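For reference, the chains in residue letters:
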Amino acid sequence: MRSGYLFGAALAAALAALAVYPTYGTGYGVRAMLQLFMWVALAGSWNLISGLTGYVSFGHVAFFGMGSYTAALLVANAGWPWLAASLAGGATACALGLVIGYPCLRLKGPYFAIAMLGLNEVLRALVSYFEGFTGGGNGLSLPTLDATVSVYYAMGLTAAVIIVLTYAIITSRFGLRLMTIREDEVAAEAMGIDTFHHKLGALLLSAVGPGVAGALMARDQGYIEPISVFPLAITVTMIVMALFGGKGTVFGPVLGAVVLFVAQEIVWASYPYFHPLLFGAIIVAVVLLMPRGVLGLLQQRYRLPRTI
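Residues numbered from 1 in each chain as written. Predicted model: local features only at pLDDT ≥ 70, side-chain atom pairs only at ≥ 80, totals over all residues. Heavy atoms only, no water.

Student: Which residues make up the packing of aromatic side chains, and what are the values?
Tutor: In total, this model carries seven aromatic pairs according to the counting rule given. With centroids separated by 5.1 Å and ring planes inclined at 85 degrees, the aromatic side chains of Y129 and F130 adopt a geometry described as edge-to-face. Overall, the relative accessible area of 45% leaves F130 in the partly exposed class. Taken together, the aromatic side chains of F37, Y152 and Y153 make up a single cluster linked through ring pairs. Sitting over the face of the ring of F196, R106 holds its NZ or CZ atom 4.2 Å from the ring centroid. (Phe/Tyr/Trp six-rings, centres within 6.5 Å; stacked < 30°, edge-to-face > 60°. Buried < 20%, exposed > 50% of the residue type's maximum accessible area, 1.4 Å probe, protein only. Lys NZ or Arg CZ within 6 Å of the ring centre and 35° of its normal.)

Spelled out as structure tokens, the structure:
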């Protein structure tokens with residue numbers, strides 16, 4: 001009980017510090033925290049489908065790119081406010097998840113992973129091809145707007161919503177059924193669980209976060225192009241963060257995002273070519289030594305509740 005109070009107090013203090021950080025932080029610090037919020041949202045969103053159902057997605061960056069281009073087009077061509085355009089980015093990403101979910105979620109194992117990877121490549125090709133509408137390889141510029149602090153709070157709220165949503169799902173019957181599918185889908189079907197629609201629901205929920213995050217990053221950066229919003233590296237990074245912290249947990253993706261983002265910044269500044277090697281080594285080490293991640297290992301060793 002005491003440890004629960006301590007955890008709650010530490011969490012409240014951290015949230016209060018993050019809320020006032022833009023008033024005393026440097027420009028670099030605010031932008032770095034904004035990016036950290038983005039990674040927390042992305043890793044947590046990937047965890048909703050892959051961590052809870054076991055269906056590994058290699059194409060979640062497609063939702064990120066869809067949100068980016070939706071918001072950029074609405075802001076640049078239709079004059080939408082950036083906040084409304086960001087919400088529209090999340091909605092279109094969810095719609096994309098609905099369209100792709102029906103055929104892809106009938107696949108299992110590596111076939112689902114490959115299909116999701118193909119989705120990302122198809123979207124990147126389409127965005128590059130329709131140059132008159134999307135700008136193609138030349139990219140798309142947004143009107144100049146100094147809104148980094150506003151985007152900071154919006155991205156932080158997005159990350160917080162993903163964390164709360166993960167907690168709500170894991171502690172619900174819906175989450176229990178998703179984890180049953182992860183452990184044994186055949187047994188879940190035999191128990192009467194509608195596995196397809198449960199997986200589809202998880203995919204739709206996991207698509208909204210990347211869509212909103214991509215839209216917010218597009219507004220903050222003011223320029224996007226296919227290579228910058230559809231790179232496989234974004235998917236790999238969110239996967240590694242979720243695996244390192246502990247997939248299928250509430251705060252595992254948060255832990256993974258914080259530790260690996262800080263490590264990435266340190267390594268990138270000193271050894272820029274060492275960055276891909278570091279993430280590859282982390283994947284191998286986690287799979288071999290900590291298949292449940294850091295938080296999963298702590299839960300198993302110290303019997304921590306699964307709700308963290």
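Student: Describe in detail the layout of surface pockets, supporting the description with residues and values.
Tutor: Computed from the structure, the second largest pocket encloses a volume of approximately 440 Å³. Secondary structure elements with two or more residues in the lining of the second largest pocket: α2 (27-53), α3 (61-78), α10 (195-221), β2 (223-224), α11 (226-229), α12 (232-245) and α13 (252-270). In the lining of the second largest pocket, the residues fall into 13 nonpolar, eight polar and one charged. (1 Å grid on protein atoms, 1.4 Å probe; cavity = no way out; pocket = protein on both sides within 12 Å on 5 of 7 lines; lining within 4 Å. Points joined across faces, edges and corners; volume = space filled by probe spheres on them. Helix = DSSP H or I, 4+ residues; strand = E, 2+ residues; numbered from the N terminus. Nonpolar A, V, L, I, M, F, W, Y, C, P; charged D, E, K, R; others polar.)

Student: Describe the pattern of salt bridges, naming the residues involved and giving the relevant values.
Tutor: Counting across every chain of the model gives four salt bridges. The salt bridge involving R182 is made with E183; its shortest N-O contact spans 3.1 Å. E185 is paired through a salt bridge with K199; the nearest N and O atoms lie 2.9 Å apart. Placement of E185 in helix α9 (residues 185-190) and of K199 in helix α10 is noted, with a sequence separation of 14 residues between them. (Salt bridge = Lys/Arg side-chain N within 4 Å of Asp/Glu carboxyl O.)

Read these as geometric descriptors, not functional statements.
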